[in-house]
Amino acid sequence: MTSIHLENLEKSFGAFQALKTMDLKIADGEFMALLGPSGCGKSTTMNMIAGMERPTGGRILFDGRDMIDVPMGRRGVGFVFQNYAIFTHMTVRDNLAFGLKMRRLPAADINRRVKQMAEFLQLTELLDKPSAKLSVNILQRLAIGRSAIVEPAIFLLDEPLSNVDAAFRAVMRTELKHLQRQFRQTMVYVTHDQLEAMTMADRIAVMDHGVLQQVGTPLEVYNHPANLFVANFIGAPGMNLIRGSVTEESDEIRVDLGQLGLSPALPQGLAAALRRRKRGDVWFGFRPEQVSIDRTGSGISLPVLFVERIGARTTLHFGAERTLAKAVIDNGEGIEAGKMAPVALASEGVRLFDAETGMAIG
Ligand code: ATP
């Protein structure tokens, strides 16, 4: 196991800054996801950790040791890409054994480890099949096994599941997590898919436009997004964000959400944080699951624009011509588009963001 410190890491391609001063510490044996939209600099960061790209600023430390001049092959790093790198002229067994043979391990050890990895990844029955005959799904599983079998101290995976089908992706999410638990490697996992990051990672580094936006556990980034970008990017659907103005009536701070006709009181901590800053507009954020249908009839009613029933859960879009807010509820019975629905908003979990800076308040 090895810890990684990206110390004020930077990368420019000519005048274009693909990564702007990133400082990130990844602990021994930690599963860190680099998550962000296409082009945000995830692969560039990963390529620098692997030694395929040279940083234009900052340092990369493994267990405190500077890696800048250490070539890729000497960094003790395993790498799996989006496109499986498998020798299709070899059998599954030979592909798994390849890295171990290169390291000149005794044949008995190689056989034992190949058998163990094949069992772990459910490839045992395919061991003597030529790889050329395998499906894309199985090839990617084999690519992961081939890199993992040499037990690199650091395991880097760049969108390894983006070419496999949805059902297989779900299976592989569990298997990869299991693999990392078994071998306790330090894992860095690049993805634009928040579900992958949320389900597998110990912590997530959220990136946008070459800037590290927030680092935290999946629940931290979900419940306490550091800024508007993270609030909107994390969650499916993302956090509802409505611009509002702050009003104070009889000592109670409220945010007036004109378009929605709501004027909710704030939880104490947030109200106190608002009092401490200068007045101004804010973005009022709440998760779709904080909205419930108020069947007591005492809540306010909002117009329903669309209803999406997805199995046990229903997503409601509120608004007149465009969606102003979404709700995810368990029981959508009787709720119809074009009609009003009585709603209640749980104030716990409400977040506020500065309208000028986009940063979380409180
Ligand atoms: P994706 O998921 O689409 O690969 P990403 O977050 O991994 O996105 P990067 O591949 O790291 O993004 O690219 C970040 C930015 O740097 C992009 O705008 C990309 O066009 C640019 N970039 C990457 N490599 C080079 C290069 N060799 N020369 C010039 N620009 C590059």
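Residues numbered from 1 in each chain as written. Predicted model: local features only at pLDDT ≥ 70, side-chain atom pairs only at ≥ 80, totals over all residues.

- The name given to the protein in an unreviewed UniProt entry is ABC transporter ATP-binding protein, and the organism recorded there is Rhizobium alvei.
- The Subcellular location (unreviewed entry) comment attached to the protein in UniProt states, word for word, "Cell inner membrane".
- Quoted verbatim from the Sequence similarities (unreviewed entry) field of the UniProt record, the comment on the protein reads "Belongs to the ABC transporter superfamily." (UniProt positions renumbered as here; feature names shortened; annotations may be inferred.)

### Description of the overall build of the protein
Thought 1: If you tally the helices and strands in the protein, you get nine helices and 20 strands.
Thought 2: Each principal axis of the C-alpha atoms in the protein carries an extent, and together these give about 80 × 45 × 35 Å.
Thought 3: Within the protein, buried positions represent 37% of all 362 residues.
Thought 4: The long-range fraction of contacts in the protein, counting pairs at least 24 apart against all pairs at least 6 apart in sequence, stands at 66%. (Helix = DSSP H or I, 4+ residues; strand = E, 2+ residues; numbered from the N terminus. Buried ≥ 20, exposed ≤ 12 C-beta atoms within 10 Å, placed from the backbone. Contact = placed C-beta atoms within 7 Å.)

### Some words on unusual backbone geometry
Thought 1: The omega angle of the peptide bond from A236 to P237 is -5°, so this bond is cis rather than trans.
Thought 2: Inspection of the secondary structure assignment puts P237 in the loop between helix 8 (228-233) and strand 11 (240-249).
Thought 3: Phi at N8 takes a positive value of approximately 45°, unusual for a residue other than glycine.
Thought 4: Looking at where N8 falls in the secondary structure, it is placed in strand 1 (residues 4-13).
Thought 5: The partly exposed category is assigned to N8, around which 13 C-beta atoms lie within 10 Å.

### What about the packing of helix 2 (residues 92-102) against helix 3 (residues 107-120)?
Thought 1: Between helix 2 and helix 3, the least distance of the axes is 10 Å, while the angle of their chain directions is 130°. As far as their axial angle goes, helix 3 and helix 2 are oblique. For helix 2 against helix 3, the interelement crossing comes out right-handed. When helix 2 is examined against helix 3, the residues R93, L96, A97, L100 and K101 are found in contact with a partner set consisting of I110, R113, V114, M117 and A118.
Thought 2: Class assignment for the residues of the contact of helix 2 with helix 3 results in seven nonpolar, no polar and three charged. (Axes fitted to C-alpha atoms, helices over the stretch in contact; angles between N-to-C directions. Parallel < 35°, antiparallel > 145°, perpendicular 65-115°, else oblique. Left-handed = near helix turned anticlockwise from the far one by under 90°. Nonpolar A, V, L, I, M, F, W, Y, C, P; charged D, E, K, R; others polar.)

### A closer look at the packing of helix 2 against helix 4 (residues 136-148)
Thought 1: Packing of helix 2 against helix 4 brings their axes to within 7 Å, and their N-to-C directions diverge by 30°. When the interaxial angle is binned, helix 2 and helix 4 end up roughly parallel. With respect to the hand of their crossing, helix 2 and helix 4 are arranged in right-handed fashion. Across from V92, N95, L96, F98 and G99 in helix 2, the residues of helix 4 making contact are L142, G145 and R146.
Thought 2: Across the contact of helix 2 with helix 4, the residue classes tally to four nonpolar, three polar and one charged.

### Considering the sheet that holds strand 15 (residues 300-310)
Thought 1: Reading across from one edge, 14-18-15-16-17 is the order of the five strands in this open sheet, with antiparallel pairing throughout. Single-partner strands in this sheet number two, and they are strand 14 (291-293) and strand 17 (325-329). Looking at each pair of strands side by side, their axes are set apart by 50° on average, direction ignored.
Thought 2: Pairing between strand 15 and strand 18 (residues 340-345): four bridges, direction antiparallel. From the neighbouring strand, L302 faces strand 18, where its bridge partner is A341. (Pairing = 2+ DSSP bridges.)

### A few points about the site of the ligand
Thought 1: Every residue near the ligand is listed here: F13, F16, A18, G36, S38, G39, C40, G41, K42, S43, T44 and H192.
Thought 2: Elements with a minimum of two residues in the shell around the ligand: strand 2 (16-26) and helix 1 (42-50).
Thought 3: Residue contributions to the shell around the ligand peak at three residues, all from helix 1.
Thought 4: For the shell around the ligand, the residue count by class is four nonpolar, seven polar and one charged. (Near = placed C-beta within 6 Å.)

### A closer look at the nonpolar core
Thought 1: By size, the foremost hydrophobic cluster in this structure holds 94 residues, and its most contacted members are A33, L156, V188 and Y189.
Thought 2: Among the elements that line this core, the one with the most residues is helix 4, at six residues.
Thought 3: Looking at which domains feed residues into this core, each of domain 1 (4-227) and domain 2 (240-361) gives three or more.
Thought 4: If we skip the residues at most four places from it in the chain, V188 touches I26, M32, L34, M46, I49 and L156. (Core = buried A, V, L, I, M, F, W, Y, C linked by C-beta atoms within 7 Å. Domains from an automatic or database assignment.)

### Observations regarding the confidence of the model for the protein
Thought 1: Put simply, the protein has an average pLDDT of 91, and 98% of its residues get 70 or more.
Thought 2: For this predicted complex, the interface score ipTM comes out at 0.96, while the overall pTM is 0.91. (pLDDT = per-residue confidence, 0-100.)

### Regarding the pairing of strand 19 (residues 351-354)
The side chains of a regular strand alternate, residue by residue, between the two faces of the sheet.
Thought 1: Alignment of strand 13 (residues 282-286) against strand 19, held across four bridges, turns out to be antiparallel. Within strand 19, the residue paired with G285 across the bridge is R351.
Thought 2: Where strand 19 meets strand 20 (residues 360-361), two bridges bridge the pair, whose relative direction is antiparallel. Paired with F353 across the two strands is A360, which belongs to strand 20.

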